[in-house]
Amino acid sequence: MAGKGAAVASGADPSGDAARRRNVPGQATPGAATSRPQPDEIKIHGAKKAPSVLQILDEWEFLIAPLVFTILAAFTRLWKIGLSPIVTWDEAHFGKFGSHYIKRELFFDVHPPLGKILVGLSGVLAGYNGSFEFKSGETYPEELDYTFMRAFNAFWGILCVPLAYWTAAELNLKRPAVWLVTLMVLCENSYTTISRFILLDSMLLFGTFATVFCWSKFHRQQKYSFEPEWFFWLFMTGLSIGFVCSIKLVGLFVTAMVGIYTIEDLWNKFGNTKVSYPALAAHFSARVVGLIIIPFLVYLFSFALHFAILTRSGPGDAQMSSLFQANLEGSEIGRNSPLEVAWGSKVTIKNMGYGGGLLHSHVQTYPEGSTQQQVTCYHHKDSNNEWWFYPDRSVVDWDPESSEPHYFGNGDVVRLIHAQTGRNLHSHDVSAPVTKSQKEVSCYGNLTIGDDKDNWKVEVVKDVASRDKTKLRTLTTAFRLKNMVMGCYLRAANVNLPQWGFKQIEVTCDKKNNPKDTFTHWNVEAHTNEKLPPGDPGKYKSPFFHDFIHLNVAMMTSNNALVPDPDKQDDLASQWWQWPILNVGLRMCGWDDKIVKYFLLGNPFVYWASTASLGLVGLVTVWYILRWQRGFKDLSQEDVDLIHYAGIYPIIGWFLHYLPFVVMARVTYVHHYYPALYFAILSLGFLIDFTLRNQQKKIQWTIYGVLYAIVIGLYVFFIPICWGMTGNNQQYKYMKWFDSWRMSD
């Protein structure tokens, strides 16, 4: 007691309470004498000095810095944005898709709809009526304010810069490193260029940056679980995931990173015995709602918007189910078509599996197997999709010209004659070209030449309009076709044929009798028969969720078909290994002297240094793990967390965005690397911060100053490729450091 009393008397605080107490204006600290400045003190020391300009800037840096960076981003992204008056690169695709939304015409694309809806919105805001065709290289008409539409897209690219600042700050990097990360995003030439055109990439990058930012904010709230701010950033992360996945499915990669973090976080909470089971259940439920249900609802909403806008028939009709098409304005499907099908009816037949196409044949033959005429499924309107229903070969007294209509239905046997070539739909004991476990389907013979393998038995599965299965009805009847000799069912399961089959869908004959297999279900779509009265089969609606799943499967099937054509050279395509080392760029337009030329290429320092940082961060991590295993305690818990979340997670994000393009077979381009590049930039920012944070201020600022100068200097050096190169391309030869950088001939 005497010792404690002495300590208190000496001014010490053994319990540490005084250090933890907060000073409140107007409230005296217990046990402390109230001190007021005496008049003599004021005379001696003078009044308190006002803060200097530098002190004010330092205090308000958290507002001033992102504002300045955003202004610079707006300048670099918008300067001379309307200089080129021609349709540039993929503006030919996405501008055209925007036109379809404005005209409300159904179209098909491999990407989710939200980004293209926003492109359409930019056109509406620009006063555009949707009449321009956006042909590549074509000059924009005077009435189309393409500059505004480009600026609308640039807006998303501009927002990426302050998001990079806030993310680096939330990852606990020091201020100079936060500025460096932001500067590398601001001065990344490829980000500048890609943001200046009517494309989806600036929106994709914004969605990726926003997701990482919201994730970092949510991570910083872990000590405040179930507080309002914790819920806010959890749900904002979910909204960002939903947004980025609704632009392009590449958004699933950053979703996977958040998923890995969530699994780790929940696993750590599960191992913490202080967390009760009800609390664990609440944590799990909150994440299911915030990170699964909310993103899915956003994604779902984008498709609901897509279907609500596109109510008119257009070039994408064939990708959707027959019932969906029948309800489009201007569609011929179901309009004045006879309701019931009979012998002599000319029809198109739609596969009812998700993403299914129209039964199709053409004069080209299989290169192997039977070498007979190919049968496929095709997703576009074509006269090669038309077939005649004929009776089986045992019926000899039927005349298509003079005989009365003969209806058929469940259990009846028919032949299908290809309208353009006159050949019979046929199957035989030959393996299918791709799916070897099933049988090949071909077109063979003609009206008089053939055999019993041309006969197919109709098996009605269901009819949304009637319980009567004795008749086949246009649009509403789902039926299967069973080959009478082979005993197999006509099937099309979204497997793409090789190039010799034009990447169309393989049609096979499957011996598995699975009535629930929708890829063996077919319906009559278009139907003409002069002997039958017209009906109104198009009055039935297609369910939204069926249309949603159908379109998503079609998107994935078509995306998988985007593989390089070995018979054609694509000068714009590149390979995955070329991207991190900046081995190649991309010409975005023609290279004529009269054309304003743009070249997609990154800032060399940003690319090369960020790529190197990925390996170096890995080595640093392994080094400290080995030392920790040997009993060394080099790092504080704060240092461990910094490596974990600011170092390792960006590398995880980079691998998740990069590796899929290594293994996928589809054709790839340099812009596919841009989301991954952001994670490499974060990795580099962490590495430099971790290396310099304990050095003297003078050393830190010297090194950072050099890095800032390099990043800005190279950005300015290569800025013509972003803002447009005019005149002869030879005057820009100074930027051609390598032969693969083709900004000059």
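Our structure is the block above this text.
Everything numeric in this text was worked out from a predicted model, so none of it was measured.

Trainee: Please explain the overall build of the chain as it appears in this structure.
Mentor: Helix and strand content of the chain: 21 helices and 14 strands. Overall, the C-alpha framework of the chain stretches about 125 × 70 × 55 Å when taken along its three principal axes. Taken over 745 residues, the chain has a buried fraction of 52%. Looking at the chain alone, contacts between residues at least 24 apart form 74% of all its contacts between residues at least 6 apart. Carbon and sulfur atoms provide 60% of the accessible area of the chain, an area that totals close to 34,900 Å². In the chain, which carries 67 positive and 64 negative side-chain charges, the distance between the mean positions of the two groups comes to 8 Å.

Trainee: Got a minute to help me understand the packing of helix H5 (residues 61-78) against helix H8 (residues 146-170) in this structure?
Mentor: Two quantities define a packed helix pair, namely the angle between the helix axes and the distance between the axes. The geometry of H5 relative to H8 is characterised by a closest axis approach of 9 Å and an angle of 150° between their N-to-C directions. Accordingly, the angle class assigned to the pair H5 and H8 is roughly antiparallel. The element H5 and its partner H8 pack so that their crossing is right-handed. Each of Glu61, Phe62, Ala65, Pro66, Phe69, Thr70, Ala73, Ala74, Arg77 and Leu78 in H5 lies in contact with H8, whose residues at this interface are Ala151, Ala154, Gly157, Ile158, Val161, Pro162, Tyr165 and Trp166. Here the contact of H5 with H8 is built from residues that sort into 14 nonpolar, two polar and two charged.

Trainee: Is there a simple way to think about helix H16 (residues 544-560) in this case?
Mentor: Side chains that are three or four residues apart share a direction in an α-helix, a result of its 3.6 residues per turn. End to end, H16 covers 24 Å across 17 residues, agreeing with the expected 24 Å (1.5 Å per residue, within 8%). Along H16, the positions that sit buried rather than exposed are Asp547, Phe548, His550, Leu551, Asn552, Ala554, Met555, Thr557 and Ser558.

Trainee: I keep staring at the state of the cysteines and nothing clicks. Help me out?
Mentor: Joining two cysteines, a disulfide is a covalent bond between their sulfur atoms. In total, this model carries one disulfide according to the counting rule given. Two residues, Cys488 and Cys509, share a disulfide whose sulfurs are 2.0 Å apart. Taking the torsion about the sulfur-sulfur bond, which here is approximately 95°, the covalent link between Cys488 and Cys509 counts as right-handed. Note that Cys488 is positioned in the loop between strand E9 (477-483) and strand E10 (489-496) and Cys509 in strand E11 (residues 505-510), a separation of 21 residues in sequence. In this structure Cys509 comes out as buried when scored by relative accessible area, which is 0%. Summary of cysteine pairing: Cys377 is not part of a disulfide, and the nearest cysteine sulfur, belonging to Cys443, is at 12 Å.

Trainee: Could you clarify how one ought to interpret the packing of helix H9 (residues 175-186) against helix H19 (residues 674-692) in this entry?
Mentor: As a packed pair, H9 and H19 sit with axes 9 Å apart at the nearest point and diverge in direction by 155°. Between H9 and H19, the crossing angle belongs to the class labelled roughly antiparallel. Judged by the twist between their axes, the crossing of H9 over H19 is right-handed. Each of Ala177, Leu180, Val181, Met184 and Val185 in H9 lies in contact with H19, whose residues at this interface are Tyr678, Ile681, Leu682, Leu684, Gly685, Ile688 and Asp689. When its residues are assigned to classes, the contact of H9 with H19 shows 10 nonpolar, one polar and one charged.

Trainee: Would you explain the packing of aromatic side chains in this entry?
Mentor: Working definition: an aromatic ring pair is given by the centre-to-centre distance plus the angle between the planes. Inspection of the entire model under this criterion finds 74 aromatic pairs. Seen in terms of ring centroids, Phe209 and Tyr678 are 3.6 Å apart; in terms of plane orientation they differ by 20°. Their pairing is stacked. Here Phe209 is found in helix H11 (residues 201-219), whereas its partner Tyr678 is found in helix H19, with 469 residues between them in sequence. Of the two residues, Phe209 and Tyr678, neither departs from the other in class, the shared state being buried. Ring centres of Phe213 and Trp233 lie 5.4 Å apart, and the angle between their planes is 85°; on these two criteria the pair is classed as edge-to-face. A residue pair is termed long-range when its members are at least 10 positions apart, and Phe213 in helix H11 and Trp233 in helix H12 (residues 228-247) qualify at 20 residues. A single burial state applies to Phe213 and to Trp233, both of which are buried. Site record: aromatic cluster; members linked through ring pairs are Phe253, Trp576, Trp579, Tyr607, Trp654, Phe655, Tyr658, Phe661 and Tyr673. Here the basic side chain of Arg480 rests over the ring of Tyr489, its NZ or CZ set 3.8 Å away from the ring centre.

Trainee: Please explain the side chain of Glu91 as it appears in this structure.
Mentor: When you line up the elements, Glu91 lands in helix H6 (residues 91-103). A polar side-chain atom of Glu91 sits 2.9 Å from a polar atom in the side chain of Arg150. Those residues in contact with Glu91 that sit more than four places away from it in its chain are Ile86, Lys96, Phe134, Tyr140, Arg150, Phe197, Ile198 and Leu199.

Trainee: I tried to follow a nonpolar patch on the surface on my own but got confused; where do I start?
Mentor: Among the surface-exposed residues, Val53, Leu54, Ile56, Leu57, Trp60, Phe62, Leu63, Ile64, Val68 and Leu72 lie close enough to one another that they form a single nonpolar patch of about 930 Å² accessible area. Looking at which element gives the most residues to the nonpolar patch, the answer is H5, with five residues.

Trainee: Whenever I open this one, the environment of Thr208 confuses me. Can you help?
Mentor: Tracing the backbone shows Thr208 in helix H11. Distance in space between the C-alpha atoms of Thr208 and His644 is 20 Å, their sequence separation being 436 residues. When near neighbours in sequence (up to four residues on either side) are disregarded, Thr208 contacts Val244, Val254, His657, Pro675 and Phe679.

Trainee: How should I be thinking about the side chain of Ser361 in this particular structure?
Mentor: Tracing the chain through its elements places Ser361 in strand E2 (residues 358-365). For Ser361, the side chain forms a polar contact with the side chain of Gln373, separated by 2.9 Å. Engagement of the side chain of Ser361 in a polar contact is seen with the backbone oxygen of Gln374, the distance being 2.5 Å. Among residues more than four places away in sequence, those in contact with Ser361 are Gln373, Gln374, Val375, Asn384, Trp387, His418 and Cys443.

Trainee: Explain unusual backbone geometry to me, please; I cannot follow it from the model alone.
Mentor: One non-glycine residue, Trp89, adopts positive backbone phi at about 50°. Take Trp89: it is sitting in the loop between H5 and H6. Classification of Trp89 as buried rests on a relative accessible area of 10%. Backbone geometry at Asn336 places phi at a positive 60°, although glycine is not the residue there. When you line up the elements, Asn336 lands in the loop between helix H15 (322-326) and strand E1 (346-351). Relative accessible area serves as the criterion here: at 63%, Asn336 is assigned to the exposed category.

About the criteria used
- Residues numbered from 1 in each chain as written.
- Predicted model: local features only at pLDDT ≥ 70, side-chain atom pairs only at ≥ 80, totals over all residues.
- Heavy atoms only, no water.
- Helix = DSSP H or I, 4+ residues; strand = E, 2+ residues; numbered from the N terminus.
- Buried < 20%, exposed > 50% of the residue type's maximum accessible area, 1.4 Å probe, protein only.
- Contact = heavy atoms within 4.5 Å.
- Areas by Shrake-Rupley, 256 points an atom, 1.4 Å probe, with all protein chains shown as cover.
- Lys, Arg positive; Asp, Glu negative; His and termini not counted.
- Charge placed at Lys NZ, Arg CZ, Asp CG, Glu CD.
- Axes fitted to C-alpha atoms, helices over the stretch in contact; angles between N-to-C directions.
- Parallel < 35°, antiparallel > 145°, perpendicular 65-115°, else oblique.
- Left-handed = near helix turned anticlockwise from the far one by under 90°.
- Nonpolar A, V, L, I, M, F, W, Y, C, P; charged D, E, K, R; others polar.
- Expected span 1.5 Å × (residues − 1).
- Disulfide = S-S within 2.5 Å.
- Phe/Tyr/Trp six-rings, centres within 6.5 Å; stacked < 30°, edge-to-face > 60°.
- Lys NZ or Arg CZ within 6 Å of the ring centre and 35° of its normal.
- Polar contact = N/O pair within 3.5 Å; in protein donor to acceptor, adjacent residues only side chain to side chain.
- Patch = residues over 30% accessible without salt bridge, like charges linked within 9 Å, V, L, I, M, F, W, Y side chains within 5 Å.
- Salt bridge = Lys/Arg side-chain N within 4 Å of Asp/Glu carboxyl O.

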